[in-house]
Amino acid sequence: MTLSYIISGFAVGLLVGMTGVGGGSLMTPLLTLLFGVPPSVAVGTDLAFAAITKTAGTFTHRLRGTVRWDVVRHLCIGALPAAVLATLALKAFGGLTKEIGQIIRYSIAGSVLLTVVALLFKSKMMTWINAHPERQLHGSKLKLATIVSGALLGTLVTVSSIGAGAIGATLLVMLYPRMTAAEVAGTDIAYAVPLTAIAALGHWWLGSIHWELLFSLLLGSVPGITLGSWVARSVPEKFLRALLAMTLTGVAFKLIS
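Conventions we followed
Residues numbered from 1 in each chain as written. Predicted model: local features only at pLDDT ≥ 70, side-chain atom pairs only at ≥ 80, totals over all residues. Heavy atoms only, no water. Helix = DSSP H or I, 4+ residues; strand = E, 2+ residues; numbered from the N terminus. Buried < 20%, exposed > 50% of the residue type's maximum accessible area, 1.4 Å probe, protein only. Contact = heavy atoms within 4.5 Å. Areas by Shrake-Rupley, 256 points an atom, 1.4 Å probe, with all protein chains shown as cover. Salt bridge = Lys/Arg side-chain N within 4 Å of Asp/Glu carboxyl O. Axes fitted to C-alpha atoms, helices over the stretch in contact; angles between N-to-C directions. Parallel < 35°, antiparallel > 145°, perpendicular 65-115°, else oblique. Left-handed = near helix turned anticlockwise from the far one by under 90°. Nonpolar A, V, L, I, M, F, W, Y, C, P; charged D, E, K, R; others polar. Core = buried A, V, L, I, M, F, W, Y, C linked by side-chain atoms within 4.5 Å. Patch = residues over 30% accessible without salt bridge, like charges linked within 9 Å, V, L, I, M, F, W, Y side chains within 5 Å. Phe/Tyr/Trp six-rings, centres within 6.5 Å; stacked < 30°, edge-to-face > 60°. Lys NZ or Arg CZ within 6 Å of the ring centre and 35° of its normal. Expected span 1.5 Å × (residues − 1). Polar contact = N/O pair within 3.5 Å; in protein donor to acceptor, adjacent residues only side chain to side chain.

Student: Is there a simple way to explain the overall build of the chain in this structure?
Tutor: Helices and strands together make up the secondary structure of the chain, namely 11 helices and zero strands. Element order for the chain, N to C, with α for helix and β for strand: α-α-α-α-α-α-α-α-α-α-α. A buried classification covers 53% of the 257 residues belonging to the chain. Long-range pairs, those at least 24 residues apart, make up 84% of the contacts in the chain between residues at least 6 apart in sequence. Only carbon and sulfur atoms are counted for the fraction: they give 71% of the accessible area of the chain, which is about 11,600 Å².

Below, the structure written as structure tokens:
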């Protein structure tokens, strides 16, 4: 079983490193459906897994120059306070009901599919944006939209462990359409580090982290995300965009199945 965890960690880490997406969206369903881990433990363990794994990915993307730190800063301004508030709410209400959890899953699946559309039609989107520059957010409006987006992400990630990569990529593509695929991946990974760390601390406080499982996953994921992050900029953008679209499509159908 430990070897299966290590292999799973490597595969998820590789995808996250190359695309910025797939951590919680793939690992949490994998732990619950394939390995039979209780959902609350899967969420808490996955958040700790993401925090450590994405730290390694951020370091590599920083060396490769594929992180937009200004965007990371504005996302964190919204996400980190939201994560703290969501943790306190989980403590106060004793967790999520099954119905609310299902609504969140379907909302995330819809957002993921929007990301796929955005990626597949990026060139057409850029043509439209260049023809209608007045429709694109700029300056303070763009900063505010990024902060609000961060607050939404902070809440979703804390309660479900899903969304830091999938919805984060969606928002980055929509708000910053001129970012390259490698920059989307790097920025998406970088802002998720403090967010998942705070959310993981909250779940540790709630008692929902399986430390032995976490260690096994990390044995595979740290080399996986390092390798994926390093090659992300070298891989042709068309291929990387297609890989990201296929990964997200699989994630979306997994969420609604």
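From this point on, the discussion continues.
Student: What's the story with the pattern of salt bridges in this structure? I'm lost.
Tutor: Two side chains with opposite charge may pair up if their charged atoms get near one another. Following the criterion strictly, the structure yields one salt bridge and no others. When the shortest N-O distance is used, the salt bridge between Asp-70 and Arg-68 registers 3.1 Å. Overall, the relative accessible area of 32% leaves Asp-70 in the partly exposed class.

Student: How should I be thinking about the packing of helix α4 (residues 69-93) against helix α9 (residues 181-206) in this particular structure?
Tutor: Packed helix pairs are specified by the crossing angle of their axes together with the interaxial distance, meaning the distance between the axes. It is at 9 Å that the axes of α4 and α9 come closest, and there the two elements cross at 15°. Judged by the inter-axis angle, α4 sits roughly parallel to α9. As α4 runs across α9, the sense of the crossing is right-handed. Broken down by class, the residue content of the contact of α4 with α9 amounts to 18 nonpolar, four polar and one charged.

Student: Quick question: what am I supposed to make of the nonpolar core here?
Tutor: As a rule of thumb, nonpolar side chains are buried together in soluble globular proteins. Counting residues in hydrophobic clusters, the biggest one holds 48 residues, and the most contacted among them are Leu-31, Val-37, Phe-49, Leu-172, Tyr-176, Tyr-191 and Leu-217. Elements with a minimum of two residues in this core: α1 (2-19), α2 (23-34), α3 (39-64), α4, α7 (139-160), α8 (166-175), α9 and α10 (211-232). Residue contributions to this core peak at eight residues, all from α9. Residues contacting Val-37, with those up to four places away along its chain left out, are Leu-31, Thr-32, Ala-42 and Leu-213.

Student: In this structure, what is going on with the side chain of Thr-87? I would like to understand it.
Tutor: Mapped onto the elements, Thr-87 comes out in helix α4. Residues contacting Thr-87, with those up to four places away along its chain left out, are Thr-158, Gly-202 and Trp-205.

Student: Hey, could you run me through a nonpolar patch on the surface in this one?
Tutor: Taken together, the side chains of Val-84, Leu-85, Leu-88 and Trp-205 define a hydrophobic patch exposed on the protein surface, amounting to about 410 Å² of accessible area. Element by element, the count of residues in the nonpolar patch is highest for α4, at three residues. Structurally, Val-84 is set in helix α4.

Student: When you look at the packing of aromatic side chains in this model, what are you seeing that I'm missing?
Tutor: Aromatic ring pairs are described here by two measures, namely the spacing of the ring centres and the angle between the planes. What the rule picks out here adds up to one aromatic pair. Relative to Phe-35, the ring of Tyr-5 has its centre 4.7 Å away and its plane inclined at 70°; by these criteria the two rings are edge-to-face. Taken together, the residues Tyr-5 in helix α1 and Phe-35 in the loop between α2 and α3 connect sequence positions 30 residues apart. We classify Tyr-5 as buried; its relative accessible area is 14%. In this structure, Arg-64 packs its charged tip against the face of Trp-230, placed 4.5 Å from the ring centre.

Student: Help me out: how do you make sense of α3 in this one?
Tutor: Given 3.6 residues per turn, any residue in an α-helix points the same way as the ones three and four places further on. Along its 26 residues, α3 runs 36 Å from first to last C-alpha, staying within 8% of the 38 Å computed at 1.5 Å per residue. Among the 26 residues that make up α3, 19 are buried, leaving the element largely enclosed by the rest of the structure. Count one or two residues on from α3 and you reach Gly-65, which has phi positive near 70°.

Student: Looking at this structure, how should I read the side chain of Thr-53?
Tutor: Mapped onto the fold, Thr-53 is located in helix α3. Within the structure, Thr-53 has its side chain in polar contact with the backbone oxygen of Phe-49 (distance 2.8 Å). The contacts of Thr-53, once residues within four sequence positions are left out, are Leu-218, Ser-221 and Ile-225.

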